[in-house]
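Coordinate analysis (summary)
Letter by letter, the chains look like this.
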Amino acid sequence: MGELEIRDLIRSGAVCTSWHSSFAAFRRLRLPSPRQAPCLLYSGRSGATTLYCPSTGATLRVPFRGLRGLSPIGSARGWLVVADEASDLHLANPLTGARVALPPITTLRCVEGGAADPDGGGGLVYRVRDERGVVAHIPAAEARDCVYDRAALSGSPLVAGGDCVVLLLHSPLGELSFARPGDERWTWIPPGERTSGGRAYNDRDGLFYVVRSDDSIYALDLKGPNSPVVARRIMPELRHGDQPYRYLIHAPWGELLQAWRFRREYEPSSSTPVEIEDGDGDDVVADPSVELNTNELQL
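Residues numbered from 1 in each chain as written. Predicted model: local features only at pLDDT ≥ 70, side-chain atom pairs only at ≥ 80, totals over all residues. Heavy atoms only, no water.

Quick word on the overall build of the protein
Cut-off, in case you're wondering: In this description a helix means any DSSP run of H or I spanning at least four residues, a strand means any run of E spanning at least two, and both kinds are numbered starting from the N terminus. Whether two residues touch is decided by their heavy atoms; if any such pair falls within 4.5 Å, the residues are in contact. Only the protein chains shown count as covering a residue, and every accessible area follows the Shrake-Rupley method with a 1.4 Å probe.
Tallying secondary structure elements over the protein gives three helices and 23 strands in all. Look at the contacts in the protein between residues 6 or more apart in sequence, and 42% of them connect residues 24 or more apart. Carbon together with sulfur atoms contributes 50% to the accessible area of the protein, which is approximately 16400 Å² in total.

Encoded structure:
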């Protein structure tokens, strides 16, 4: 079954009794997902998980209801990096239903532990430190939205002999930490300049790549559980007046491309950029009726 297209794999369980048994065994044994073209995964209002394949236009229901209550921050090789309602991270495979725990949020350098709500709410709150050293008490269910930025994954956590590493971009100011399934805590990577969100893993050389806020690119060698982190700058800074969304793309011919995505605010019924002022006429504030549309891409 590992050789089937994702669409055929999901539908195979409906062919007959024996095929359904094989598909059930595939999910029960947590076998690796097939290597196929990327698909988009989303959860509808009913909570059902759906796959959309851009290459074929097919839309498929997936027998995986584990997305409800989870917040995805990254994906790779058929796995999602998701935060649960306590803001702890897991690796989840929507095709097989497998889930692997990562170290808790309280082992990040910026989180000083959890305690009962000091305001008497009765819930769990985390003490999260910002770039100035100021500690804020954040409810556990909300911490994932302000602590985590993005994550990159080196491989499947269930492949025998594989070295699965999760690189996490988090607050304050895009700091980096990494961990492997089974680790007790996140390992902090001493910062240079803050990261901007662009990150990628390259199967060919086994290195992670991150974009700093000055648009320089660094390669990170995280091989070996006891090896020191080796960071090497491979692209100099490229200062830009605007602040685009930054992405790293591995080209088929082996080069690493940096993509800049520029977005502007538009009213849904208009193509004219808009700015909404507050009551004092000084600051520009967000308008919930305004959309952010991509208006330019640069490589």
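What about the packing of aromatic side chains?
Threshold: Between rings of Phe, Tyr and Trp, where Trp is taken as its six-membered ring, a pair exists when centres lie within 6.5 Å; planes separated by under 30 degrees are stacked, by over 60 edge-to-face, and by other angles tilted. Remark: exposure states derive from per-residue accessible area (1.4 Å probe, protein chains only) relative to the maximum for the residue type, with buried under 20%, exposed over 50%, and partly exposed in between. Over a ring means this: the NZ of a Lys or the CZ of an Arg is within 6 Å of the ring centre and within 35 degrees of the ring normal.
Counted according to the given criterion, the structure contains one aromatic pair. Judged by centre distance (4.8 Å) and plane angle (55 degrees), the ring pair of Tyr 201 and Phe 208 falls under tilted. Each member of the pair, Tyr 201 as well as Phe 208, is classed as buried. Looking at Arg 109, its charged tip hangs above the ring of Trp 188, at a distance of 3.9 Å from the centre. The residue whose ring lies beneath Arg 212 is Tyr 218, and the NZ or CZ to ring-centre distance is 5.2 Å.

Examining the pattern of salt bridges
When the charged atoms of two side chains lie near each other, side chains of opposite charge can form a pair. Note the cut-off: Salt bridge, as used here, is a side-chain nitrogen of Lys or Arg placed within 4 Å of a carboxyl oxygen of Asp or Glu.
Under the counting rule described, the total for this entry stands at five salt bridges. In this structure, the salt-bridge partner of Glu 112 is Arg 129, at a minimum N-O distance of 3.2 Å. Taken together, the residues span a long stretch of sequence, with Glu 112 in strand β8 (residues 111-116) and Arg 129 in strand β9 (residues 124-129) at a distance of 17 residues. Between Arg 132 and Asp 130 there is a salt bridge; the shortest N-O distance is 3.0 Å.

Digging into the sheet that holds strand β13 (residues 175-179)
We count it as follows: In this analysis, strands are considered paired if DSSP registers two or more bridges between them. Throughout, an axis means a line fitted to C-alpha atoms (over the contacting stretch in the case of helices), and angles, computed between N-to-C directions, take values from 0 to 180 degrees.
Strand order across the open sheet formed by four strands is β11-β12-β13-β14, with antiparallel pairing between neighbours. A single partner strand is all that each edge strand has here, and the edge strands are β11 (148-153) and β14 (187-189). Across the sheet, the mean angle separating the axes of adjacent strands is 25 degrees when strand polarity is ignored. Sheet analysis places β11 next to strand β12 (residues 166-170), joined by five bridges and oriented antiparallel. Within the sheet, the bridge partner assigned to Arg 150 lies in β12 and is Leu 169.

Re the pairing of strand β10 (residues 135-139)
Direction of pairing for β9 relative to β10: antiparallel, over a ladder of five bridges. Bridge assignment links Val 125 to a residue of β10, and that residue is Pro 139.

Topic: the confidence of the model for the protein
Test applied: One confidence number per residue, pLDDT, is output by the predictor and ranges from 0 to 100.
With 69% of its residues at a pLDDT of at least 70, the protein reaches an overall mean of 76. A low-confidence stretch, residues 274-286 stays under pLDDT 50, and its non-local contacts, those more than four residues away or across chains, total 12 contacts.

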